[in-house]
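Coordinates in review
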Amino acid sequence: MFLFTHPFDIIMVPMQILIFLFTLYFFVIGFCGMWRKKEVKIKTPRKTFALVVAAHNEHAVIGQLVENLKQLNYPKDMYDIYVIADNCTDNTAEIAEKAGALVHVRTHPTKKSKGYALQWMFDRLFKMDKQYDAVCVFDADNLVHPQFLMEMNNRLCKGDKVIQGYMDAKNPYDTWVSGTFAIAFWVICYISHLAKSNIGLSACLGGTGMCFASEILKKHGWQATCLTEDMEFTMKCMAEGIKTSWAHDAIIYDEKPLTFKQSWNQRRRWAQGQFDVGNRFIPKMLKAGWKHKDIRMWDECIYLMQPHFLMISTIFIVISYIQLAFPPFYTNIYNFMPSQLMTAIMLGQYILPMIILIKIRAKWKSWLYMLLYPVFIYSWIPIIFLGFIHRNEHEWSHTQHTRAMSMNDIVGNVKNTKSIEKSIKK
């Protein structure tokens, strides 16, 4: 009770405690991603795959992806490529079919999101005569590392059921926006996904580069149709005790937004979706975690609470500045958490990304983009508040993709170059 020496302490002290605990938790988790466990991999192809791509007006990039998928280092009779031409008004279907994909045309006047398209395709897929051990999902703008299916085969053979691959960037040096977006994804892959995998927690699906054992989709269904269908399905599985595994060497290259407006709109949609999923799953995960005494469920609950944490942190900082501008409004602002600790927290946001850039041997341009990385990070603040305000809106906003590239173009443009060159030569 000695902390509560001012009436406003009733609000500010709990906020400081919450900020301290959340920050400490994220930093401890983050540093667990600074190493990788040694793994003996299964290198014999055993599993069959359906590769599914949901495409809406993707004529500029769909051909390159299909050609890329046809060249994966995996027996060609053990996987097929399916493209969902979803409410397209261009020639996406024709291009995909000409490139060698099995195209399924879908039209619906209202249910237009990727989640609905996947649910529709899975229903069709499991009614076919030919059945597959697993389904992989990609976005139309992706390129896929030649060893992707071998890595997923390895994880499935070891018993994993829901798997997320490493989400790299296809165009990390196009603009400062794509560059800072790429840095953010590299950081998340290490300090969240790899870190949690190292200590037995669940990763989170990222929307692309995902792999599902068919038995999971058949038993539990998809039914993830919100703006962030990947997060929704992650939580749906975790509520059933099925964790999302992380395949660090199963790499996909995703097109990052070129302009700040594209980045803003995409992240706003993610924020809306995360609040939506949080509202529905936070109580469920808390209850399930207590019932099953499963820390993985509580960890996913904390993951869902990240935007709420950012809002609380922002409110605390705003009050801090008000106190400095109009003293002695509230002199006990750091009654629990010293200002030095706040400074350490701020520095930590940049130390971890720099460690990651060193680990992946990033090119000099990425280090230059680090100067603008704070713009990307702090632009999340208004986006999160807008996401909260519009959390009940579910209108899908499509991100236009124009960066047509082949795997040969990737060589020398991103990290993991040696492994790509070696795979391409095989």
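Residues numbered from 1 in each chain as written. Predicted model: local features only at pLDDT ≥ 70, side-chain atom pairs only at ≥ 80, totals over all residues. Heavy atoms only, no water.

1. Quick word on the pairing of strand β6 (residues 162-169)
We apply this condition: Burial classes follow relative accessibility: with a 1.4 Å probe on protein chains only, a residue under 20% of its type's maximum area counts as buried, one over 50% as exposed, and anything between as partly exposed. Numbering of helices and strands runs from the N terminus, with a helix taken as a DSSP run of H or I at least four residues long and a strand as a DSSP run of E at least two residues long. Two strands are counted as paired when DSSP detects at least two bridges linking them.
Among the eight residues in β6, eight count as buried, and that is most of the element. Examined bridge by bridge, β6 and strand β7 (residues 210-213) share three bridges and lie antiparallel to one another. Bridging from a neighbouring strand, I163 pairs with C211 of β7. The sheet contact formed by β6 and strand β8 (residues 244-254) spans eight bridges and is parallel. The residue of β8 that forms the bridge with M167 is I252.

2. Re the packing of helix α6 (residues 176-198) against helix α9 (residues 260-292)
Note the threshold: Axis angles are defined between N-to-C directions and span 0 to 180 degrees, where every axis is a line fitted to C-alpha atoms and, for a helix, only to the segment in contact. Residue contacts follow a heavy-atom distance rule, with two residues in contact if any of their heavy atoms lie within 4.5 Å. When residues are grouped by polarity, Ala, Val, Leu, Ile, Met, Phe, Trp, Tyr, Cys and Pro land in nonpolar, Asp, Glu, Lys and Arg in charged, and all others, Gly among them, in polar.
Viewed as axis vectors pointing N to C, α6 and α9 meet at an angle of 35°, and their least axial separation amounts to 9 Å. Here α6 contributes W176, V177, F181 and F185 to the contact with α9, which in turn contributes F260, S263, Q266, R267 and W270. Across the contact of α6 with α9, the residue classes tally to six nonpolar, two polar and one charged.

3. Section: unusual backbone geometry
For residues that are not glycine, phi is negative in most cases, and the peptide bond is trans in most cases. If you check the backbone angles, N87 has positive phi at about 50° while not being a glycine. Look at N87 and you get buried, because its relative accessible area is 12%. If you check the backbone angles, R361 has positive phi at about 55° while not being a glycine. What makes R361 exposed here is its relative accessible area of 73%.

4. What about the sheet that holds β6?
If you trace the eight strands from one edge of the open sheet to the other, you get β3-β2-β1-β4-β7-β6-β8-β5, paired in mixed fashion. One side of each edge strand has no neighbouring strand; the edge strands of this open sheet are β3 (102-106) and β5 (143-144). Its contacts with the sheet place helix α2 (residues 62-70) against β1 (49-55), β2 (79-86), β4 (134-139) and β5, and it is angled at close to 165° to β2. On the sheet, helix α3 (residues 92-99) packs against β1, β2 and β3 and is oriented at approximately 165° with respect to β3.

5. Here's the deal with the UniProt feature "transmembrane region" (unreviewed entry) in the protein
Cut-off, in case you're wondering: UniProt positions are given in the numbering used here, feature names are shortened, and annotations may be inferred rather than shown by experiment.
Under the feature "transmembrane region" (unreviewed entry), the UniProt entry names residues 12-35, 301-322, 342-360 and 367-389. The distance separating the terminal C-alpha atoms of residues 12-35 is 37 Å; by composition the span is 83% helix and 0% strand.

6. Remarks on α6
Because each turn of an α-helix spans 3.6 residues, side chains separated by three or four positions end up pointing in the same direction. Note the cut-off: One less than the number of residues in a helix, times 1.5 Å, gives the span that helix is expected to have. The angle separating two fitted axes, one through the seven residues that finish at a residue and one through the seven that start at it, defines the bend at that residue.
The terminal C-alpha atoms of α6 lie 32 Å apart, and with 23 residues this matches the ideal 33 Å at 1.5 Å per residue to within 8%. Taken as a whole, α6 carries its principal kink of about 30° at C189. Phi turns positive one or two residues past the end of α6, at G200, with a value near 85°.

7. Comments concerning the side chain of D86
When you line up the elements, D86 lands in strand β2. Residue classification places D86 among the buried residues on the basis of a relative accessible area of 4%. Apart from residues lying up to four places away in sequence, D86 is in contact with A55, H56, R106, K112, S113 and A117.

8. Some points on the packing of helix α8 (residues 229-239) against helix α10 (residues 295-304)
As a reminder, the rule being used: Any angle from 65 to 115 degrees is called roughly perpendicular, while one under 35 is roughly parallel, one over 145 is roughly antiparallel, and all others are oblique. Should the near helix be turned anticlockwise from the far one by less than a right angle, the crossing is termed left-handed; should it be turned clockwise, right-handed.
For the pair α8 and α10, the least separation of the axes is 10 Å and the interaxial angle reads 155°. Here α10 runs roughly antiparallel to α8, going by the angle between their axes. As α8 runs across α10, the sense of the crossing is left-handed. Contacts between α8 and α10 involve M231, T234, M235, M238 and A239 on the former and, on the latter, R296, M297, E300, Y303 and L304. The residue makeup of the contact of α8 with α10, split by class, is seven nonpolar, one polar and two charged.

9. Quick word on the pattern of salt bridges
Formally: The rule for a salt bridge is simple: a side-chain nitrogen of Lys or Arg has to be within 4 Å of a carboxyl oxygen of Asp or Glu.
In this structure the tally under the stated criterion is 18 salt bridges. Here E39 and K158 are joined by a salt bridge, their closest N and O atoms 2.9 Å apart. Linking E39 in the loop between α1 (9-31) and β1 with K158 in the loop between α5 (148-157) and β6, this pair joins segments that are 119 residues apart in sequence. The exposure class assigned to K158 is partly exposed, which follows from its relative accessible area of 35%. Ionic contacts of the salt-bridge type, sharing partners, join the residues R36, K41, E151 and D249 into one network.

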